[in-house]
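Spelled out from the first residue to the last, the chains are:
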Amino acid sequence: MPPATGAIRTLGPDPQTAPVVLHPGDAIPASRRVLYVLLLGALTALGPFTIDLYLPAFPLLESAFQTSSAAIQLTLTGTMIGFALGQLVVGPLSDTLGRRVPLLAATVLHVLASAAAALAPDLLLLGVARVAMGFGAAAGAVVAMAIVRDLFGGKRLVVMLSRLALVTGLAPVVAPLIGSALLRVMPWEGIFVVLAGYGAVMLVLALFGIPETLPPARRRDRGASTVWQRYRSVLSDRVYLGVLVIGGMTFSGLFSYLSASPFLFQQTHGFDELQYGLLFAVNSVGIVIGTQTAARLATRFGPQWVLAWSTAVLLLAAAAIIVCDQLGLGLWGTAIPLWVFIAACGFTFPCAQVLALDRHGRAAGTAASLLGAANFGIAGIVSPLVGWIAGSTGITGTTMASVMAGCAVVGVLALWFIVRPRTVGMLNP
């Protein structure tokens, strides 16, 4: 049995005489930590790429299936709801069965569903395949975060999660850029073939490159032996509930932009696929700056105080888009405050993950699954509001930013009235 502090002995020729460390990851060499970051980051990216790689093809899908933009957006909603449900299933299973088995099974589902999407003869079957793709891609995101929490804690957890948060925030922005490039050399069906190949590669890498980080003894911790007990322990935490709302609202704001951007920039502003992709490349710089700066600030000042600033900036940037659009400032009046909004998302994501997971090491899979499900599930419901508000008049900067601003308001209220930063302690070293 591990000591009451949670410290364990590192593995070696004689575990009884090996040095005691607080977290298993403390004994992992730096080079192997880099390998874990790359592999787990690629697994985490499978979800956002599954969701966003086909965004530039929205106008093509609208034409191919002779339907409306709102109907095409529903396939995005279905993918995100499938992704959310998948995390709710895979997370608790990974706490019960270990990390590897649910990961491998769900990734197989992703590969098969991606192939079905490429062959879909109508919009209904494409939508069903997209839901299954989202469900299958969910394992990578939730298991990656759970593995990091299995191995690390305290300030090192902040650093590792900031690397995954970089992928989580950057992948949705980069994916349309790659999708735009793919559409220049292949039809829209090819995007789903590429996703099937991506899933197959991750299946092989997970099979041979990811060890089991949750030994059987830790799957039977007292007070967290059943799925219900794990959910109850996590959902009874006020701070965790507040973080769920903040994460869900931030993702909703980001995906409101992502779902509206093909129509706003390609149709309203006349961008071609290359220009549309370059816009995402520039915005990706904001995500990189935000996530990596947040890691340093969170270890020094606390993630709750970084969130206090980043959620306020989200609201101000969204409001600036509305004002600039109403003043007729054109493309730059939308693009500049939009970059600021995306950078603020980068500051928010890792801090929300740290506050959620650092408090629930014994139910890391469940905690990660609920966080991911809230992020993508709420975003899947909220992001289509942009098209609904726009109606037949077309999507503008104001309609897009109105949803983004509403999400930011809810996030600010959740931080100050549910999380209450002054009641949250600083991270352990």
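Residues numbered from 1 in each chain as written. Predicted model: local features only at pLDDT ≥ 70, side-chain atom pairs only at ≥ 80, totals over all residues. Heavy atoms only, no water.

1. With respect to the overall build of the protein chain
Step number 1: In terms of regular secondary structure, the protein chain is built from 15 helices and two strands.
Step number 2: Classification of the 429 residues of the protein chain by burial places 57% in the buried group.
Step number 3: Taking contacts inside the protein chain between residues at least 6 apart in sequence as the whole, the part at least 24 apart equals 82%.
Step number 4: Carbon together with sulfur atoms contributes 70% to the accessible area of the protein chain, which is approximately 17000 Å² in total. (Helix = DSSP H or I, 4+ residues; strand = E, 2+ residues; numbered from the N terminus. Buried < 20%, exposed > 50% of the residue type's maximum accessible area, 1.4 Å probe, protein only. Contact = heavy atoms within 4.5 Å. Areas by Shrake-Rupley, 256 points an atom, 1.4 Å probe, with all protein chains shown as cover.)

2. Topic: the nonpolar core
Step number 1: In terms of nonpolar packing, the biggest core is built from 73 residues, with Phe 192 and Tyr 257 touching the most fellow members.
Step number 2: It is helix 9 (residues 238-268) that provides the largest number of residues to this core, a total of ten residues.
Step number 3: The residues touching Phe 192, leaving out its near neighbours within four places in the chain, are Tyr 54, Ser 114, Ala 117, Ala 118, Leu 126, Arg 130 and Met 133.
Step number 4: Counting residues in each nonpolar core, the second largest holds 54 residues, with Leu 103, Val 143, Ala 144 and Ala 374 among its members. (Core = buried A, V, L, I, M, F, W, Y, C linked by side-chain atoms within 4.5 Å.)

3. Points about the layout of surface pockets
Step number 1: Its volume calculated, the second largest pocket comes out at about 180 Å³.
Step number 2: Considering the residues around the second largest pocket, the lining is formed by Phe 271, Leu 278, Leu 279, Val 282, Asn 283, Leu 331, Trp 332, Ala 335, Ile 336 and Trp 339.
Step number 3: If you list the elements that add at least two residues to the lining of the second largest pocket, you get helix 10 (273-301) and helix 12 (330-357).
Step number 4: Broken down by element, the lining of the second largest pocket gets its largest block of residues, five residues, from helix 12. (1 Å grid on protein atoms, 1.4 Å probe; cavity = no way out; pocket = protein on both sides within 12 Å on 5 of 7 lines; lining within 4 Å. Points joined across faces, edges and corners; volume = space filled by probe spheres on them.)

4. So, a nonpolar patch on the surface
Step number 1: Taken together, Leu 235, Leu 241, Val 409, Leu 413, Trp 416, Phe 417 and Ile 418 make up a surface patch of nonpolar side chains, about 600 Å² in accessible area.
Step number 2: Considering each element in turn, the nonpolar patch owes the most residues, five residues, to helix 15 (residues 397-419).
Step number 3: Along the chain, the position of Ile 418 falls in helix 15. (Patch = residues over 30% accessible without salt bridge, like charges linked within 9 Å, V, L, I, M, F, W, Y side chains within 5 Å. Salt bridge = Lys/Arg side-chain N within 4 Å of Asp/Glu carboxyl O.)

5. Topic: the pattern of salt bridges
Step number 1: This structure, assessed with the given rule, holds two salt bridges.
Step number 2: A salt bridge links Asp 95 to Arg 99, with the nearest nitrogen and oxygen atoms 2.8 Å apart. The burial state of Asp 95 is the same as that of Arg 99; both residues are buried.
Step number 3: Several salt bridges share partner residues, and in doing so they unite Asp 95, Arg 99 and Asp 150 into one network.

6. Points about the packing of aromatic side chains
Step number 1: This structure, assessed with the given rule, holds nine aromatic pairs.
Step number 2: On the numbers, 5.7 Å between centres and 45° between planes, the contact of Phe 265 with Phe 271 is tilted. With respect to burial, Phe 265 and Phe 271 carry one shared label: buried.
Step number 3: Each member of the aromatic cluster is reached from another via a ring pair, and the members are Tyr 54, Phe 58, Phe 65, Trp 188 and Phe 192.
Step number 4: Between Arg 130 and the ring centre of Tyr 54, over which it is positioned, the NZ or CZ distance is 3.9 Å. (Phe/Tyr/Trp six-rings, centres within 6.5 Å; stacked < 30°, edge-to-face > 60°. Lys NZ or Arg CZ within 6 Å of the ring centre and 35° of its normal.)

7. Side note on helix 5 (residues 123-151)
Step number 1: For helix 5, spanning 29 residues, the distance from its first C-alpha to its last is 43 Å, which sits close to the expected 42 Å at 1.5 Å a residue.
Step number 2: The largest bend along helix 5 measures about 25° and falls at Ala 137.
Step number 3: Among the 29 residues that make up helix 5, 22 are buried, leaving the element largely enclosed by the rest of the structure.
Step number 4: Between a side-chain oxygen at the N-terminus of helix 5 and the backbone nitrogen of Leu 124 the separation is 3.2 Å; the capping residue is Asp 122. (Expected span 1.5 Å × (residues − 1). Bend = angle between axes of the 7 residues up to and from the residue. Polar contact = N/O pair within 3.5 Å; in protein donor to acceptor, adjacent residues only side chain to side chain.)

8. Considering unusual backbone geometry
Only a minority of non-glycine residues have a phi that is not negative, and only a minority of peptide bonds are not trans.
Step number 1: Phi at Gln 66 is positive, roughly 50°, even though this residue is not glycine.
Step number 2: Within the element layout of this structure, Gln 66 appears in the loop between helix 2 (58-64) and helix 3 (69-97).
Step number 3: Judged by its relative accessible area of 67%, Gln 66 falls in the exposed class.

9. Examining the environment of Leu 93
Step number 1: Considering the arrangement of structural elements, one finds Leu 93 in helix 3.
Step number 2: With ten residues separating them along the chain, Leu 93 and Leu 103 place their C-alpha atoms 9.7 Å apart.
Step number 3: In contact with Leu 93, not counting residues within four places along its chain, are Gly 98 and Pro 102.

10. As for the environment of Met 186
Step number 1: Tracing the chain through its elements places Met 186 in the loop between helix 6 (154-183) and helix 7 (189-209).
Step number 2: With near-sequence residues (within four places) excluded, Met 186 lies in contact with Ile 191 and Val 194.

11. What about the packing of helix 3 against helix 9?
Step number 1: Following both chains from N to C, one finds helix 3 and helix 9 inclined at 150°, their axes separated by 11 Å at the closest point. The handedness of the crossing between helix 3 and helix 9 comes out as right-handed. On the side of helix 3, the interface is formed by Ser 69, Gln 73, Leu 76 and Met 80, while helix 9 contributes Phe 255, Ser 259, Ala 260 and Phe 263.
Step number 2: Residue composition of the contact of helix 3 with helix 9, grouped by class: five nonpolar, three polar and no charged. (Axes fitted to C-alpha atoms, helices over the stretch in contact; angles between N-to-C directions. Left-handed = near helix turned anticlockwise from the far one by under 90°. Nonpolar A, V, L, I, M, F, W, Y, C, P; charged D, E, K, R; others polar.)

12. Here's the deal with the state of the cysteines
Step number 1: Here the structure, examined in full by the defined rule, presents zero disulfides.
Step number 2: With no disulfide of its own, Cys 407 has Cys 345 as its nearest cysteine by sulfur position, at a separation of 9.8 Å. (Disulfide = S-S within 2.5 Å.)

13. Some points on the environment of Ile 72
Step number 1: Among the secondary structure elements, Ile 72 is positioned in helix 3.
Step number 2: Taking the C-alpha atoms as reference points, Ile 72 and Leu 60, twelve residues apart in sequence, are found 10.0 Å from one another.
Step number 3: With residues near it in sequence (within four places) discarded, Ile 72 still touches Tyr 54, Phe 58, Leu 61, Glu 62, Thr 67 and Leu 123.

14. So, the packing of helix 9 against helix 15
Step number 1: For the pair helix 9 and helix 15, interaxial distance at closest approach is 8 Å and the crossing angle is 170°. It follows from the interaxial angle that helix 9 and helix 15 lie roughly antiparallel.
Step number 2: Residue composition of the contact of helix 9 with helix 15, by class: 18 nonpolar, six polar and one charged. (Parallel < 35°, antiparallel > 145°, perpendicular 65-115°, else oblique.)

Nothing here speaks to function; it is geometry throughout.
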